[in-house]
Amino acid sequence: MLPPADATGQEARPAGEERPRAREAGVLIGRLPTGPLNAITDVPGVRVGHRTVWVGDSIRTGVTAILPHGDNVFERRVRAAIAVGNGFGKLVGLSQVNELGELETPILLTGTLSVFRAADALLDTLLSLPANADVRSMNPVVGETNDGYLSDIRVRPIHPEHVREALRTAADGPVEEL
């Protein structure tokens, strides 16, 4: 039986059993202790939003937005650096962050072949803000997670409304893991 569709015609994620988090399964990342939530939102001001996209049996993907603070990131840029652990992936915005050492947009993460659509939607969204009316150049940062084993990545199912929802729903506190 398929889960019910939402207002965009996309199916909601079916309810399932709780999975253990990586640390609970014995995977230790780094040497420092975690914060109280064991999440990026343990860093004061950082917010995370997500839009899951599930369609039939062929699409299991989404887009995650990481906002470093609650203000316009272009106007109040954040010092940043990027360390590449796997040079095989897609990452829009790498060279400017490495050269200037700052982040001027939220960070998005999405499926491999949706990176470029997500970057375009992020730019459209941020350039439409009244405070950014005179902006002539902006460097979006969008990275990939290869979900090709879960999804037909050739469909490239991420649309602007998914990016806007991930940005709009960004919040501090626990980060939902699906």
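Everything here concerns the structure above.
Starting afresh in each chain, residues are numbered from 1 along the sequence in its written order. Per-residue local features of the predicted model are confined to residues with pLDDT of at least 70, and side-chain atom pairs are confined, for both listing and counting, to 80 or more; whole-chain, interface and lining totals are unaffected and use all residues. No hydrogens and no water enter the side-chain calculation; it runs on all heavy atoms of the structure.

1. Quick word on unusual backbone geometry
Positive phi outside glycine occurs at asparagine 38, with the angle close to 55°. Tracing the sequence through the fold places asparagine 38 in the segment before strand E1 (47-55). Among the residues examined, asparagine 38 registers a relative accessible area of 26% and is labelled partly exposed. Here the phi dihedral of arginine 156 falls at roughly 50°; this positive angle occurs in a residue that is not glycine. Each residue gets one of three labels from its accessible area relative to the maximum for its type: buried under 20%, exposed over 50%, partly exposed in between, using a 1.4 Å probe on protein chains only. The exposure class of arginine 156 is partly exposed, given its relative accessible area of 29%. Numbering goes from the N terminus for both helices and strands, where a helix is a DSSP run of H or I of at least four residues and a strand is a run of E of at least two.

2. Digging into the environment of leucine 109
Within the secondary structure, leucine 109 sits in strand E6 (residues 107-111). Relative accessible area serves as the criterion here: at 31%, leucine 109 is assigned to the partly exposed category. When the C-alpha positions of leucine 109 and valine 142 are compared, they lie 5.7 Å apart, and in sequence the two are 33 residues distant. Any two residues whose heavy atoms approach within 4.5 Å are treated as being in contact. Leaving out residues up to four positions away in the same chain, leucine 109 has contacts with Gly62, Val63, Thr64, Ile66 and Gly143.

3. Re the sheet that holds E1
In short, DSSP must find at least two bridges between two strands for them to pair. One open sheet holds the five strands; their spatial order is E1-E2-E6-E7-E4, and the pairing between them is mixed. Each having just a single partner strand, E1 and strand E4 (91-92) make up the two edges of the open sheet. Two elements, E1 and strand E2 (residues 59-67), share nine bridges in a ladder whose sense is antiparallel. Paired with valine 53 across the bridge in E2 is threonine 61. Each of E4, E6 and strand E7 (141-145) is contacted by helix H2 (residues 115-127), which is oriented at about 155° to E7, the strand it contacts most. Where helices are involved, their axes are fitted lines through C-alpha atoms of the stretch in contact, as for all axes, and angles between N-to-C directions lie from 0 to 180°.

4. Topic: empty space enclosed by the protein
Cavity and pocket criteria rest on a 1 Å grid covering protein atoms alone: a 1.4 Å probe that fits but cannot get out defines a cavity, protein on both sides within 12 Å along at least 5 of 7 lines defines an open pocket, and an atom within 4 Å of a point defines a lining residue. Grid points are joined across faces, edges and corners, and a volume is the space filled by probe spheres set on the points. Counted according to the given criterion, the structure contains one cavity of 30 Å³ or more. If you go around the largest cavity, the residues you meet are Thr61, Gly111, Thr112, Leu113, Ser114, Asp147, Ser151, Asp152, Ile153, Arg156 and Pro157. Of the residues in the lining of the largest cavity, the class split is three nonpolar, five polar and three charged. Residues are sorted three ways: Asp, Glu, Lys and Arg are charged, Ala, Val, Leu, Ile, Met, Phe, Trp, Tyr, Cys and Pro are nonpolar, and all the rest, Gly among them, are polar.

5. Remarks on the nonpolar core
By size, the foremost hydrophobic cluster in this structure holds 21 residues, and its most contacted members are Val63, Ala65, Leu108, Leu122, Val142, Val163 and Leu167. The set of elements that each furnish at least two residues to this core consists of E2, H2 and helix H3 (160-168). In terms of residues, this core owes the most to one element, H2, which gives six residues. With residues near it in sequence (within four places) discarded, valine 63 still touches Gly49, His50, Arg51, Leu108, Leu109, Thr110, Ile158, His162, Val163 and Ala166. Think of a nonpolar core as a cluster: buried Ala, Val, Leu, Ile, Met, Phe, Trp, Tyr and Cys residues, connected wherever their side-chain atoms sit within 4.5 Å.

6. A word on the side chain of threonine 105
Here threonine 105 shows up in the loop between strand E5 (102-103) and E6. Taking the relative accessible area as the measure of exposure, threonine 105 reaches 0% and is therefore buried. Within the structure, the side chain of threonine 105 is placed 3.3 Å from the backbone nitrogen of valine 141, a separation counted as a polar contact. In this structure threonine 105 touches Val73, Leu122, Leu126, Met138, Asn139, Pro140 and Val141, once residues within four positions along its chain are discounted. N or O atoms within 3.5 Å of each other form a polar contact, as long as, within protein, one can give a hydrogen and the other can take it, and as long as residues adjacent in sequence are counted only when both atoms are side-chain atoms.

7. Details of the side chain of aspartate 147
One can find aspartate 147 in the loop between E7 and H3. With no salt bridge to any partner, buried aspartate 147 finds its closest opposite charge in arginine 60, at an N-O distance of 10 Å. A polar atom in the side chain of aspartate 147 sits 2.4 Å from the side chain of threonine 61. Apart from the residues within four sequence positions on either side, aspartate 147 is in contact with Arg60, Thr61, Gly111, Thr112 and Ile153. Counted as positive: Lys and Arg. Counted as negative: Asp and Glu. His and the chain ends are not counted at all. By convention in these notes, a salt bridge is any Lys or Arg side-chain nitrogen within 4 Å of a carboxyl oxygen on Asp or Glu.

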